[in-house]
Amino acid sequence: MARKTRNHPIDTRDRPVPPATGRGRGRKQGRERQSGAARSQGATNPPEKGGPPHSNPPSAASKGARVPRRRPIRRVLYWFAILLVWGGILGVLSFIWIAHDLPDVSNLPPPGQERTVTVKSVTGATLANYGPVRGQWLAYESIPEVMILALLSIEDRRFFNHSGVDILGIGRAVLANLRAGGVSQGGSTLTQQLAKNLFLSSERSLKRKAQELLLALWLERAYSKEQILTLYLNRVYFGAGTYGIDAASETYFGHSARRLSLAQAAMLAGLVKAPSRLAPSHNYAGALQRSEQVLAAMVDTGFITALAADRARNQPPPLAEDAAGPDIRYFTDWVRSRADALLDHPAGGITILTSLISPRKRLPNRCCAPISMSAAKNWGSSRGRWWPLPPMARCWR
């Protein structure tokens, strides 16, 4: 017999509720705590009037994650350290490349050993010079003060205040060149010029300039300022084949450098810039104009007064008179060729004393006889203007 079902719904209100287990009770309490915390947060931080409602609270996973912070200062320091390390490596390699073939500044090269020939007349006057002319070596105490002051005023005013390289002088020269639109001043110190003259060539390159700077620094450490000035003034080129102030003074003025006047010292100091172009033996006007610039520089630096400079300008230094006139080379060339044949090309410097008397200083006819044209050709002259005392071959040596 079929079982009848009830048509009314089952009422579960009267059924007993089973007791909650530990896991279910924990979940329920967790949910209640979260809802309570949300309500308290909403109560303490109510949304602004007209503003957007509070967003959902962040989850636990998002709370535990750390947002990376950018630190630009640390990044800049890092890259600066990298560049510093690589710059140091490149600097060391560049120093090795520049300094590996530098000479030893403690062993200065001796004065030029080139062969020189000096031909003199019977009275001892110099007729001609072949090769570089080098005068006596002057100590620092023997060099006139006006010569030192003239050189420093025009070439290196801060010589006694720098250590071989004058940064201020380089900056001043750069500004002057920019204003002039070309190269009007140089930034090289006297020590740099000495380093170039002693050890380096005239090549213009970045490596040679860097070597010049290094040698200047080493020269300043190895020698005193007075020694550097002495080396410079005794070895620098002054034009007309002369090296050193004594040879230049003898060639241009006919006396030792110990007796240089202010005007003569200013002229010699001005030759250092361009000795071949400004040599007074063939460009007296250019040398005189340059000496006026030197005098103005000496006044500007306070080495001399304006009155002393004006006095020197008004008394330009006369040049030494030529011993035998412009045609003397006809005779001296022949003498030099005979010396080469007899002495078998000797090394070093030689002086040849001849029996020649210049037409400007002729002796009476009873002491010498005029030479004929045919005899002059045999003696190596084509003009027959010279008055030798026979026999000539025995008079020079």
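What counts and what doesn't
- Along each chain, residues carry numbers from 1 onward, in the same order as the chain's sequence is written.
- Local features in this predicted model are restricted to residues of pLDDT 70 or higher, and side-chain atom pairs are both shown and tallied only at a pLDDT of 80 or more, whereas totals for entire chains, interfaces and linings draw on every residue.
- Values reported for side chains reflect all heavy atoms of the structure, with hydrogen atoms and water molecules removed beforehand.
- Whether two strands pair comes down to DSSP finding at least two bridges between them.
- Secondary structure counts use DSSP, requiring at least four H or I residues in a row for a helix and at least two E residues in a row for a strand, with both numbered from the N terminus.
- The axes used here are C-alpha line fits, helices contributing only the stretch in contact, and every angle between their N-to-C directions lies in the interval 0 to 180 degrees.
- Contact definition: two residues touch when any of their heavy atoms are within 4.5 Å.
- The patches reported here contain residues having more than 30% relative accessible area and no salt bridge. Joining distances are 9 Å for like charges and 5 Å for nonpolar side chains (Val, Leu, Ile, Met, Phe, Trp, Tyr).
- Exposure was quantified through the Shrake-Rupley algorithm and a 1.4 Å probe, taking into account, for residues, occlusion by the shown protein chains and nothing else.
- By salt bridge we mean one thing: a side-chain nitrogen of Lys or Arg within 4 Å of a carboxyl oxygen of Asp or Glu.
- Put simply, a nonpolar core is a bunch of buried Ala, Val, Leu, Ile, Met, Phe, Trp, Tyr and Cys residues held in one set by side-chain atoms that sit within 4.5 Å of each other.
- Buried, partly exposed and exposed residues are distinguished by accessible area as a fraction of the type maximum, computed with a 1.4 Å probe on protein chains only: under 20%, between the cut-offs, and over 50%, respectively.
- Given the number of residues in a helix, its expected span is that number minus one, multiplied by 1.5 Å.
- Just so you know, the count uses Lys and Arg for positive and Asp and Glu for negative, and it drops His and the chain ends.
- Under this definition, polar contacts are N or O atom pairs within 3.5 Å; protein pairs additionally need one hydrogen-donor-capable and one acceptor-capable atom, and for neighbouring residues in sequence, both atoms have to be side-chain atoms.

Colleague: Just checking my understanding: could you explain the sheet that holds strand β1 (residues 116-120) for this structure?
Modeller: Strand pairing in a sheet takes place through backbone hydrogen bonds and is either antiparallel or parallel in direction. A sheet is described by the order of its strands in space; here three strands give the open sequence β2-β1-β5, paired in mixed fashion. Edge positions in the open sheet fall to β2 (126-130) and β5 (349-353), since each of these has one partner strand only. In this sheet, neighbouring strand axes are inclined to one another by 15 degrees on average, regardless of whether the strands run parallel or antiparallel. Where β1 lies against β5, five bridges are found, and the strand directions are parallel. Bridge assignment links Thr-118 to a residue of β5, and that residue is Thr-351. Packed on one face of the sheet, helix α14 (residues 329-343) meets β1, β2 and β5 and runs near 60 degrees to β2.

Colleague: Hey, could you run me through a nonpolar patch on the surface in this one?
Modeller: A cluster of nonpolar residues, Tyr-78, Trp-79, Ile-82, Val-85, Trp-86, Ile-89, Leu-90, Val-92, Leu-93, Phe-95 and Ile-96, forms a patch on the protein surface that exposes about 1,200 Å² of accessible area. Structurally, Ile-96 is set in helix α3 (residues 72-99).

Colleague: Even after reading the chapter, I still don't get the nonpolar core, so can you show me in this structure?
Modeller: Generally speaking, soluble globular proteins have nonpolar side chains that are buried together. Counting 55 residues, the largest nonpolar core has Met-147 and Leu-268 as the members making the most contacts within it. Considering each element in turn, this core owes the most residues, eight residues, to helix α10 (residues 262-271).

Colleague: Would you mind showing me how to read unusual backbone geometry here?
Modeller: Most peptide bonds adopt trans geometry, and most residues besides glycine take a negative phi value. Backbone geometry at Ala-240 places phi at a positive 60 degrees, although glycine is not the residue there. By the element assignment, Ala-240 lies in the loop between α8 (225-235) and β4 (242-243). Owing to a relative accessible area of 42%, Ala-240 belongs among the partly exposed residues under this scheme.

Colleague: In this structure, what is going on with helix α12 (residues 284-301)? I would like to understand it.
Modeller: Note on helix geometry: an α-helix contains 3.6 residues per turn, so any two residues three or four positions apart are oriented the same way. Across its 18 residues, α12 extends 26 Å between first and last C-alpha, which sits within 8% of the 26 Å expected from 1.5 Å per residue. Residues of α12 that are buried include every one of Gly-286, Ala-287, Arg-290, Ser-291, Val-294, Leu-295, Ala-297 and Met-298, and no others. Buried residues along α12 sit in contact with α4 (145-155), α10, α11 (275-278) and α13 (306-314). Two residues or fewer after α12 comes Gly-302, characterised by a positive phi angle close to 85 degrees.

Colleague: When you look at the side chain of Asp-246 in this model, what are you seeing that I'm missing?
Modeller: In this structure, Asp-246 sits in helix α9 (residues 245-252). Of the side chains with opposite charge, Arg-258 lies nearest to the buried Asp-246, which makes no salt bridge, at 4.9 Å. For Asp-246, the side chain forms a polar contact with the side chain of Ser-256, separated by 3.1 Å.

Honestly, it's all geometry; don't read function into it.
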